[in-house]
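The chain contents come next:
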Amino acid sequence: MQVTKSLEVLKVNNCGLGDQSAQMILEAHQKNPQFRLRRLEVGNNKFGEAGAKALNQACRLMGSVTHLALPGSLETEDNGLKHLLTGLHECSSLRHLDISSNKGATNAIAELTDIFTHSLSLYHLNLSSLSLSPPNQQALVQSLLAKLSTSFNLNSALTELIWQDSLSPPNQKELQEGLQSTYNNKVTILQLDSSK
Amino acid sequence: MKYLDEVGRLGSATGVRGVIDLYDDDNPYKPMAQKDAEDKHAASASAVTVSTASTAVRGADGVAEVQSELSDCEETGTEYCRYQKSKKPLHTMSSVFAYKECTEESHLEFAPNVQKYLYDDAVEELRENSRGLMVDKLTSLQHHVNTWGLSSNKYFAENLITKMGNLNKLDFSDTVGFQHRSDMPMGIEAVMAVVAN
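The numbering scheme is per chain: residues are counted from 1 as the chain's sequence reads. The lettering of chains begins at A and the numbering of ligands begins at 1, in the order of writing. At least 70 in pLDDT is required for a residue's local features to be given in this predicted model, at least 80 for side-chain atom pairs to be given and counted, and no such filter applies to totals for whole chains, interfaces and linings, which use all residues.

**Points about the overall build of chain B**
Reasoning step 1: Looking only at helices and strands, chain B has 6 helices and 3 strands in total.
Reasoning step 2: Listing each helix as α and each strand as β along chain B from the N terminus yields α-α-α-β-α-β-α-β-α.
Reasoning step 3: To assign burial, the other C-beta atoms lying within 10 Å of each residue's own C-beta are counted, with C-beta atoms placed from the backbone; 20 or more indicates buried, 12 or fewer indicates exposed, and intermediate counts indicate partly exposed. The burial tally for chain B puts 18% of its 197 residues in the buried class.
Reasoning step 4: Contact definition: two residues whose C-beta atoms, as placed from backbone geometry, lie within 7 Å. When contacts within chain B are restricted to residue pairs at least 6 apart in sequence, long-range pairs at least 24 apart make up 74% of them. Only DSSP runs of H or I covering at least 4 residues are called helices, and only runs of E covering at least 2 are called strands; the numbering of each starts at the N terminus.

**Topic: the overall build of chain A**
Reasoning step 1: Within chain A, the regular secondary structure consists of 7 helices and 7 strands.
Reasoning step 2: When the helices and strands of chain A are listed from N to C terminus, the series reads α-β-α-β-α-β-α-β-α-β-α-β-α-β.
Reasoning step 3: Here the radius of gyration uses the C-alpha set of atoms, whereas the globule reference equals 2.2 Å times the residue count to the power 0.38. Taking 196 residues into account, the globule formula puts the C-alpha radius of gyration at 16 Å, and chain A, at 17 Å, falls close to it.
Reasoning step 4: In terms of overall dimensions, chain A has a C-alpha envelope of 55 × 35 × 25 Å along the principal axes.
Reasoning step 5: Buried residues in chain A amount to 42% of all 196 residues.

**Thoughts on the packing of helix H2 (residues 19-31) of chain A against helix H6 (residues 184-195) of chain B**
Describing two packed helices takes the angle between their axes plus the distance from one axis to the other.
Reasoning step 1: Comment: axis = line fitted to C-alpha atoms, over the contacting stretch for helices; angle = value between 0 and 180 degrees taken between N-to-C directions. At a minimum axis separation of 10 Å, H2(A) and H6(B) run at an interaxial angle of 5°. Here H2(A) lies roughly parallel to H6(B), going by the angle between them. Every residue of H6(B) that contacts H2(A) at Gln20(A), Ser21(A), Met24(A), Ile25(A) and Ala28(A) is listed here: Pro185(B), Ile188(B), Glu189(B), Met192(B) and Val195(B).
Reasoning step 2: Basically, the charged four are Asp, Glu, Lys and Arg, the nonpolar ten are Ala, Val, Leu, Ile, Met, Phe, Trp, Tyr, Cys and Pro, and anything else, Gly included, counts as polar. Residues of the contact of H2(A) with H6(B), tallied by class, amount to 7 nonpolar, 2 polar and 1 charged. To sort the angles, those under 35 degrees are grouped as roughly parallel, those over 145 as roughly antiparallel, those from 65 to 115 as roughly perpendicular, and the leftovers as oblique.

**Some thoughts on the interface of chain B and chain A**
Reasoning step 1: Taken together, the contact between chain B and chain A spans 23 residues of the former and 26 residues of the latter.
Reasoning step 2: Among the elements of the structure, strand E3 (169-171) and H6 of chain B are those that each provide at least two residues to the side of chain B that touches chain A.
Reasoning step 3: Looking at the side of chain B that touches chain A, its residues break down into 12 nonpolar, 7 polar and 4 charged.
Reasoning step 4: When DSSP finds two or more bridges between a pair of strands, those strands are recorded as paired. Alignment of strand E1 (residues 9-11) of chain A against E3(B), held across 3 bridges, turns out to be parallel. Note on E3(B): the bridge partner recorded for Leu10(A) is Leu170(B).

**Here we look at H2(A)**
Structural remark: α-helix, 3.6 residues per turn; residues separated by three or four positions point the same way.
Reasoning step 1: The end-to-end C-alpha separation of H2(A) is 18 Å, in line with the 18 Å expected for 13 residues at 1.5 Å each.
Reasoning step 2: Turning to H2(A), its buried residues number three or more, namely Ser21(A), Ala22(A), Met24(A), Ile25(A), Leu26(A), Ala28(A) and His29(A).
Reasoning step 3: Packing partners of the buried residues in H2(A) comprise helix H3 (49-62) of chain A together with H6 of chain B. By definition here, a helix of n residues has an expected span of 1.5 Å times n minus one.

**Some points on the sheet that holds E1(A)**
Reasoning step 1: The 10 strands lie next to each other as E7(A)-E6(A)-E5(A)-E4(A)-E3(A)-E2(A)-E1(A)-E3(B)-E2(B)-E1(B), forming an open sheet whose pairing is parallel. The sheet terminates laterally at strand E7 (189-191) of chain A together with strand E1 (107-109) of chain B, the two strands that pair on one side only. Pairs of neighbouring strands in the sheet enclose a mean axial angle of 5°, with direction left out of account.

**Topic: the nonpolar core**
Reasoning step 1: To form a nonpolar core, buried Ala, Val, Leu, Ile, Met, Phe, Trp, Tyr and Cys residues must be joined through C-beta atoms within 7 Å. Ile25(A) and Ile188(B) are the most contacted members of the largest nonpolar core, which has 74 residues in total.
Reasoning step 2: If you list the elements that add at least two residues to this core, you get H2, H3, helix H4 (80-85), helix H5 (109-118) and helix H6 (134-150) of chain A together with helix H4 (119-130), helix H5 (150-159) and H6 of chain B.
Reasoning step 3: Per element, the largest residue contribution to this core is 7 residues, and it comes from H6(B).

**Observations concerning unusual backbone geometry**
Reasoning step 1: Although it is not a glycine, Asn14(A) adopts a positive phi angle of roughly 55°.
Reasoning step 2: In this structure, Asn14(A) sits in the loop between E1 and H2.
Reasoning step 3: For Asn14(A), a count of 20 C-beta atoms within 10 Å puts it in the buried group.
Reasoning step 4: Its identity as a non-glycine residue notwithstanding, Lys116(B) has a phi of 55°, on the positive side.

**So, the environment of Ala22(A)**
Residue and element names in this part refer to chain A.
Reasoning step 1: Along the polypeptide, alanine 22 turns up in helix H2.
Reasoning step 2: C-alpha of alanine 22 to C-alpha of serine 92: the two residues are 70 residues apart in sequence and 22 Å apart in space.
Reasoning step 3: Each residue touching alanine 22, except ones within four places of it in the same chain, is listed here: Leu17, Phe47, Gly51, Ala54 and Leu55.

**Section: the environment of Asn56(A)**
Reasoning step 1: Relative to the helices and strands, Asn56(A) is located in helix H3.
Reasoning step 2: Leave out the neighbours within four places in its chain, and Asn56(A) touches His83(A), Leu84(A), Thr86(A) and Leu88(A).

**Side note on the confidence of the model for chain B**
Residues and elements named next belong to chain B.
Reasoning step 1: Residue-level confidence of the predictor is summarised by pLDDT, bounded by 0 at the bottom and 100 at the top. On average, residues of chain B score 66 in pLDDT, and 50% of them are at 70 or above.
Reasoning step 2: Element-level pLDDT for chain B is lowest in helix H3 (residues 51-76), with a mean of 38, against a maximum mean of 90 in E3.
Reasoning step 3: At the level of chain-chain contacts, confidence expressed as ipTM amounts to 0.82, with global pTM at 0.70.

**Structural notes on the packing of H5(B) against H6(B)**
Residues and elements named next belong to chain B.
Reasoning step 1: Packing of H5 against H6 leaves a shortest axis separation of 9 Å and a crossing angle of 15°. Here H5 lies roughly parallel to H6, going by the angle between them. Judged by the twist between their axes, the crossing of H5 over H6 is right-handed. Within the contact between the two elements, H5 uses Leu150, Asn153, Lys154, Ala157 and Glu158 and H6 uses Met186, Gly187, Ala190, Val191 and Val194.
Reasoning step 2: Partitioning the contact of H5 with H6 into residue classes produces 6 nonpolar, 2 polar and 2 charged. Here a crossing is called left-handed whenever its near helix is offset anticlockwise from the far helix by less than a right angle, and right-handed whenever the offset is clockwise.

**Regarding the environment of Asp78(A)**
Residues and elements named next belong to chain A.
Reasoning step 1: With respect to the helices, strands and loops of the structure, aspartate 78 is situated in the loop between strand E3 (67-69) and H4.
Reasoning step 2: On the basis of neighbour count, aspartate 78 is assigned to the partly exposed category, with 15 C-beta atoms found within 10 Å.
Reasoning step 3: Taking C-alpha positions, aspartate 78 is 8.8 Å from alanine 105, a pair spaced 27 residues apart along the chain.
Reasoning step 4: The contact partners of aspartate 78, leaving out residues within four places of it in the chain, are Glu49 and Gly104.

Here is the structure:
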């Protein structure tokens, strides 16, 4: 089979995929290690915890995924987002992560903090429309600012941060002022206002 | 005495009778480089046929002439223009836009099943649409899985995708707004099964 040797981009947005389809992507790599995606777009599907876990495992095993986008694919308030993000900061290839409009963010605060504090290569991060309580938002904002203020400039590649419809006005203000006063800040695109 | 009546012109009008020929031996402003002389026929031909082409050729000649002067300067050791190192004519905006090299993409978007063919009719439609296609050259494919049934997608996977040895991008996203079919995930899984085989 020649296909899997060159296939790098897979887009299956809005296709009603479930856990079984996510498992198929993981099995595709397990059966054929040459199947290494660079870009995976699975937005607006219906993954559960098992599907999120399979996608996480697929990304970590492939080690080649630079773009991972699954906006609006986790519709239940369970540990789906937590499973998806667990250990994802160890993927050194990941540069673009879009997890907007997903549910279950409250259970994934620790994993989101890990993304902020430990990911070295993440360039674009979209956290729009995540249902987070103000204290959780504040914790994430502070972890990001702490990371940017203490690390060397080379240790954070985050340049584009999209966080629409998720932050309360005080947290928006804190993030904006913190980024402006942080010397190591590389964020050049910051979208916090409502997208509606 | 020859140039007495041409004070200040240094004999540049010598031999001119009406139209000035750019490549006339008596023209002191003729192109000096050998390459320009070789382009003479191309320049004259394009000047006759298409005006825009002749403009382009003249522009190229102009650049070449500057280059020859620069190369002369380099040979004589006179450095009038130190930054001009390229032998190729530089684009006027080359300092503004960075050139990005990329590979050529051969993209195919399969038509959606607008007529809502079913079963064998759908497979036959797929077969007709794919007849004569050089699928082995494709690098990017968009297929509206949602509009085709499971059997059609299986046929598509087993008979077409298996021949796409250079496929780099696979797009099954629903972009046509069809009502979702219950067997769409199974259709995608059928394709993925072939890919993962």
